[in-house]
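Here is how the chains run, residue by residue.
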Amino acid sequence: MHVTRLSLSQFRCHDRLELALPPGLNVFVGPNASGKTSLLEAVTLLVSGRSPRTNWLREMIRWGADQARVEGVFAGATGSPDEVTVTLTRSGSGEAQRDLCLNGAPPASVGAWLQRLPVVLFEPDDLQLVKAGAKGRRRFINMALAGLRPLYLDDLLRYRRAVQHRNELLKQAARGRASGEDLAPWTAQMVRAGAQLMADREWLVEHLGPRAAALYADLSGGTEALELRYRPNVQAEEEGLPERMQAFYEALEAAATWELRRGSTQVGPHRDELLVLIGGKPARDFGSQGQQRTAALALKLAQAQVLTASRGEPPLVLLDDCLSELDGSRQRHVLELVGQFDQLLLTTAGEVPAGVEVAHQVVLPPA
Ligand SMILES: Nc1ncnc2c1ncn2[C@@H]1O[C@H](COP(=O)(O)OP(=O)(O)OP(=O)(O)O)[C@@H](O)[C@H]1O
Ligand SMILES: [Mg+2]
């Protein structure tokens, strides 16, 4: 998929901006604070309805303006292009109102619209994917699966709701105000949804792992090996759903006293880990900054490749300022991967390495 036209009005620091973008590598160059990240944020808003950097829609409306508007035309391998418009309107001191329009009408459901326009964004913060705790890696897995499996988000929400209810009841049970019987239906729901989550995650990491390893080898020149390992919090001997459910029940039974004491659910996929190893050692503890950055990039690009394989067409790839900490040869390797994707939008405050074929360059003036 690629974006052919992008138009911003009163979005962040942009007053008005109209861009026609070809497939291939598009580079947005400009000094700090010239609005490069904001441009990619606008594309993300179009495909997901959200900003990758804030939970507040109103922050994206230009200061002093009442309404921001972003329009984009997305072309896929088949079918006619999709025209998407997002309008954000300030409303008093509260959150802005968001209006979505897909080909002239509000989309039937947000879920369907999310599945329609596949985009992978790499941002400087993604370093945390490797460097920080397991939560960020679970989030990455959740986001990746949400774009790949239509039912994953439903299972995840069902799981979380069941965990919440269980936790509430566990706290009450500690004070003698709830019994095991009250807990049972939520435990059943949690185990069913949780077993499905584990199966989906196992599937994802199986597909992600070899690709991320190959990408990492490419990017690093093949001197170090990257390995991904899914570490479900509940380990089952076999991979079928019934076996996973059985193992989950057994783990809960073993943790029962502990759960009552803590007043919360102590085992389950909300505690899963995705191990990222470089040369057999956890990248989180032993990787250099450059290695961690390369590993994060390999993970995201692998996600884009899995999306390509499952949808039969590559997603749009957005790379925000991700070259700065890589050495020259890693930078060139990243940009050589462009050929795998329909289109890649890249921002940089510096220069694109020599010898890389740029389809289109947009120079943003200083703010
Ligand atoms: N709602 C808003 N209205 C107007 N300006 C804003 C708004 N939100 C942010 N800005 C300004 O927009 C500018 C551009 O931010 P952006 O992050 O897009 O720049 P950038 O080109 O990516 O910079 P860098 O190279 O440092 O990453 C910032 O100076 C910021 O203060
Ligand atoms: Mg930026």
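Residues numbered from 1 in each chain as written. Chains lettered and ligands numbered in written order. Predicted model: local features only at pLDDT ≥ 70, side-chain atom pairs only at ≥ 80, totals over all residues.

### Side note on the overall build of the protein chain
Move 1: Secondary structure assignment for the protein chain yields 11 helices and 13 strands.
Move 2: For the protein chain, whose C-alpha radius of gyration is 22 Å, the value lies close to the compact-globule estimate of 21 Å for 367 residues.
Move 3: When the backbone C-alpha atoms are referred to their principal axes, the protein chain occupies close to 65 × 55 × 35 Å.
Move 4: Looking at the protein chain residue by residue over its 367 residues, the buried ones come to 37%.
Move 5: A fraction of 71% describes how many contacts in the protein chain between residues 6 or more apart in sequence connect residues 24 or more apart. (Helix = DSSP H or I, 4+ residues; strand = E, 2+ residues; numbered from the N terminus. Rg over C-alpha atoms; globule rule 2.2 N^0.38 Å. Buried ≥ 20, exposed ≤ 12 C-beta atoms within 10 Å, placed from the backbone. Contact = placed C-beta atoms within 7 Å.)

### Here's the deal with the domain arrangement of the protein chain
Move 1: Splitting the protein chain by domain gives domain 1 (2–118 + 315–363) and domain 2 (129–284).
Move 2: Placing the centre of domain 1 and that of domain 2 at their C-alpha centroids yields a distance of 31 Å.
Move 3: Contacts between the two partners involve six residues from domain 1, matched on the other side by six residues from domain 2.
Move 4: Per-element tally for the side of domain 1 that touches domain 2: the top contributor is helix H11 (residues 328–336), with four residues.
Move 5: Tallied by class, the residues present in the side of domain 1 that touches domain 2 amount to two nonpolar, three polar and one charged. (Domains from an automatic or database assignment. Nonpolar A, V, L, I, M, F, W, Y, C, P; charged D, E, K, R; others polar.)

### What to know about the site of ligand 1
Move 1: Around ligand 1 sit 17 residues, and of these Cys 13, Asn 32, Ala 33, Thr 37 and Ser 38 come closest.
Move 2: Residue classes in the shell around ligand 1 are distributed as six nonpolar, six polar and five charged. (Near = placed C-beta within 6 Å.)

### A look at unusual backbone geometry
The phi torsion of most residues other than glycine is negative, and most of the peptide bonds are trans.
Move 1: A positive phi angle is found at Asn 103, which is not glycine, with a value near 50 degrees.
Move 2: Within the fold, Asn 103 resides in the loop between strand S6 (97–102) and helix H2 (110–116).
Move 3: Note on Asn 103: 11 C-beta atoms within 10 Å, which makes it exposed.
Move 4: Although it is not a glycine, Asp 321 sits at a positive phi angle of roughly 55 degrees.
Move 5: Within the fold, Asp 321 resides in the loop between strand S11 (316–320) and H11.

### What to know about the sheet that holds strand S7 (residues 119–122)
Within a sheet, neighbouring strands are paired by backbone hydrogen bonds and run either parallel or antiparallel to one another.
Move 1: One open sheet accounts for five strands, arranged S7-S11-S12-S3-S13; its pairing is parallel. The strands lining the two open edges of the sheet, one partner per strand, are S7 and strand S13 (360–363). Across the sheet, the mean angle from the axis of one strand to that of its neighbour is 15 degrees, orientation sign disregarded.
Move 2: Pairing geometry for S11 and strand S12 (residues 343–348), over four bridges, is parallel. Of the residues in S12, the one forming a bridge with Asp 320 is Thr 347.
Move 3: Running at roughly 175 degrees to S7, helix H10 (residues 289–311) makes contact with S7 and S11 of the sheet. (Pairing = 2+ DSSP bridges. Axes fitted to C-alpha atoms, helices over the stretch in contact; angles between N-to-C directions.)

### With respect to the packing of helix H6 (residues 180–220) against H10
Move 1: At their nearest, the axes of H6 and H10 sit 8 Å apart, and the two run at 130 degrees to each other. One finds that H6 runs oblique with respect to H10. Of the two elements, H6 crosses H10, and the hand of that crossing is right-handed. Judged by residue contacts, His 207, Leu 208, Arg 211, Ala 212, Leu 215, Tyr 216, Leu 219 and Ser 220 of H6 engage Thr 294, Ala 295, Leu 297, Ala 298, Leu 299, Leu 301, Ala 302, Gln 303, Gln 305 and Val 306 from H10.
Move 2: Of the residues assigned to the contact of H6 with H10, the class counts are 12 nonpolar, five polar and one charged. (Parallel < 35°, antiparallel > 145°, perpendicular 65-115°, else oblique. Left-handed = near helix turned anticlockwise from the far one by under 90°.)

### Observations regarding the environment of Met 60
Move 1: On the secondary structure map, Met 60 appears in the loop between helix H1 (36–48) and strand S4 (67–75).
Move 2: For the pair Met 60 and Gly 92, spaced 32 residues apart in the sequence, the C-alpha separation amounts to 15 Å.
Move 3: In contact with Met 60, not counting residues within four places along its chain, are Phe 11, Arg 12, Leu 45, Ser 51, Ala 68 and Leu 88.

### Some details on the environment of Arg 5
Move 1: Within the element layout of this structure, Arg 5 appears in strand S1 (residues 2–11).
Move 2: Residue Arg 5 is classed as partly exposed on the basis of its C-beta count, with 15 C-beta atoms lying within 10 Å.
Move 3: Apart from the residues within four sequence positions on either side, Arg 5 is in contact with Ala 20, Gly 72 and Val 73.

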